[in-house]
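Residue strings, one per chain:
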Amino acid sequence: LCPEDENTAMDLIQTTVDVRDYAKTESTAKALLAHHPHSETGQVFLAYSYLLQGKSHDAAKALQKLLAQDDKNPDALKLTGLALYFYKEYTLAEKELRAALALRPHDKRALYALGRVYQTQNNFPPAIQCFKQLIADDPDYYRAYVNLALCYEAQGKIEEADAMFK
């Protein structure tokens, strides 16, 4: 069951994400949307739950619906970029993630995903820039350090890579 109050429901949904119970995230988001059918946040969580459960068709439909309502929705753009990254559509993923970051420049997940897009394509200079920005924004973002080190290592910059672990 989902509380009718949207803020309480969003807290409940966030809890299901935090514990990685994505089926529960899906059912709670659907219950929220039954009470608040135009909740963009509820729609974002629903698309996110689909994406993380491997329900790519459902995720794509939910994201298309969101972007049809607001083509400048940074969360929908970010999730679309993530989905495209998972499908190895790196050029399209980069476009969506850059659009999301243009609207929300310090979005850690979008910045991390963009860094991973570049890193996966062995395009290390912009990947390094993304990971350095993440570290500047959040010095505790450990995955940024790991991936920054991997970028340095791939370029043969072993000392810089080692420095990421100190």
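Anyway, here's the lowdown on the structure attached to this text. Here the structure is a predicted model, which means the values were calculated and not measured. Every chain's residues receive numbers from 1 upward, in the order its sequence appears when written. In keeping with the model being predicted, local features are shown solely for residues with a pLDDT of at least 70 and side-chain atom pairs are shown and tallied solely at 80 or more, while totals for entire chains, interfaces and linings include all residues. Side-chain numbers here rest on the full set of heavy atoms in the structure, without hydrogens or water.

Here's the deal with the layout of surface pockets
- With a 1 Å grid spanning the protein atoms alone, the term cavity applies to any set of points in which a 1.4 Å probe fits but cannot get out, the term pocket to an open set with protein on both sides within 12 Å along at least five of seven lines, and the term lining residue to any residue with an atom within 4 Å of a point. Grid points are joined across faces, edges and corners, and a volume is the space filled by probe spheres set on the points. In this structure, the largest pocket encloses a volume near 550 Å³.
- Numbering of helices and strands starts at the N terminus; helices are DSSP runs of H or I of at least 4 residues and strands are runs of E of at least 2. Elements supplying a minimum of two residues to the lining of the largest pocket: helix 1 (6–18), helix 3 (40–52), helix 5 (74–86), helix 7 (108–120) and helix 9 (142–154).
- For the lining of the largest pocket, the element with the most residues is helix 7, which contributes five residues.
- For this scheme, ten residues count as nonpolar: Ala, Val, Leu, Ile, Met, Phe, Trp, Tyr, Cys and Pro. Four count as charged, namely Asp, Glu, Lys and Arg, and the remainder, Gly too, count as polar. Considered class by class, the residues forming the lining of the largest pocket number twelve nonpolar, no polar and seven charged.
- Estimated volume of the second largest pocket: approximately 290 Å³.
- Surrounding the second largest pocket, 13 residues form its lining, Gln14, Val44, Phe45, Asp75 and Arg109 being those nearest its centre.
- For the lining of the second largest pocket, the secondary structure elements donating two or more residues are helix 1, helix 3 and helix 5.
- Residues belonging to the lining of the second largest pocket are distributed by class as follows: seven nonpolar, two polar and four charged.

So, the packing of aromatic side chains
- By convention, a stacked pair of Phe, Tyr or Trp rings (six-membered ring in the case of Trp) has centres within 6.5 Å and planes under 30 degrees apart, an edge-to-face pair has planes over 60 apart, and any other such pair is tilted. Within this structure, the stated rule accounts for four aromatic pairs.
- Relative to phenylalanine 131, the ring of tyrosine 112 lies with its centre 6.0 Å away and its plane at 55°, an arrangement referred to as tilted. With tyrosine 112 in helix 7 and phenylalanine 131 in helix 8 (residues 124–137), this residue pair connects regions lying 19 residues apart in the sequence. The same class applies to tyrosine 112 and to phenylalanine 131, which are both buried.
- Between tyrosine 112 and tyrosine 141 the ring centres are 5.8 Å apart and the planes differ by 40°, which places this aromatic pair in the tilted class. Here tyrosine 141 lies in the loop between helix 8 and helix 9 and tyrosine 112 lies in helix 7, a separation of 29 residues in the sequence.
- Through a chain of ring-to-ring contacts, the aromatic side chains of Tyr85, Phe86 and Tyr90 assemble into a single cluster. Between buried and exposed lies partly exposed: a residue is buried under 20% and exposed over 50% of the maximum accessible area for its type, with that area taken using a 1.4 Å probe on protein chains only.

Describing the nonpolar core
- For our purposes a nonpolar core is just a set of buried Ala, Val, Leu, Ile, Met, Phe, Trp, Tyr and Cys residues, chained together by side-chain atoms within 4.5 Å. With 48 residues, the main nonpolar core has Leu79, Phe131, Leu134 and Leu148 as its most contacted residues.
- In this structure, phenylalanine 131 is in contact with Tyr112, Gly115, Arg116, Gln119, Ala144, Asn147, Leu148 and Cys151, ignoring residues within four places of it in sequence. The contact criterion used throughout is that any non-hydrogen atoms of two residues lie within 4.5 Å.

Quick word on the environment of glutamate 160
- Tracing the sequence through the fold places glutamate 160 in helix 10 (residues 158–163).
- Taking the C-alpha atoms as reference points, glutamate 160 and leucine 150, separated by ten residues in sequence, lie 9.8 Å from one another.

What about helix 9?
- Counted at 1.5 Å a residue, the expected span for helix 9 with its 13 residues is 18 Å, and the 19 Å between its end C-alpha atoms agrees.
- Those residues of helix 9 that are buried are in contact with helix 7, helix 8 and helix 10.
- Glycine 156 sits one or two residues past helix 9 and shows a positive phi near 80°. Given the number of residues in a helix, its expected span is that number minus one, multiplied by 1.5 Å.

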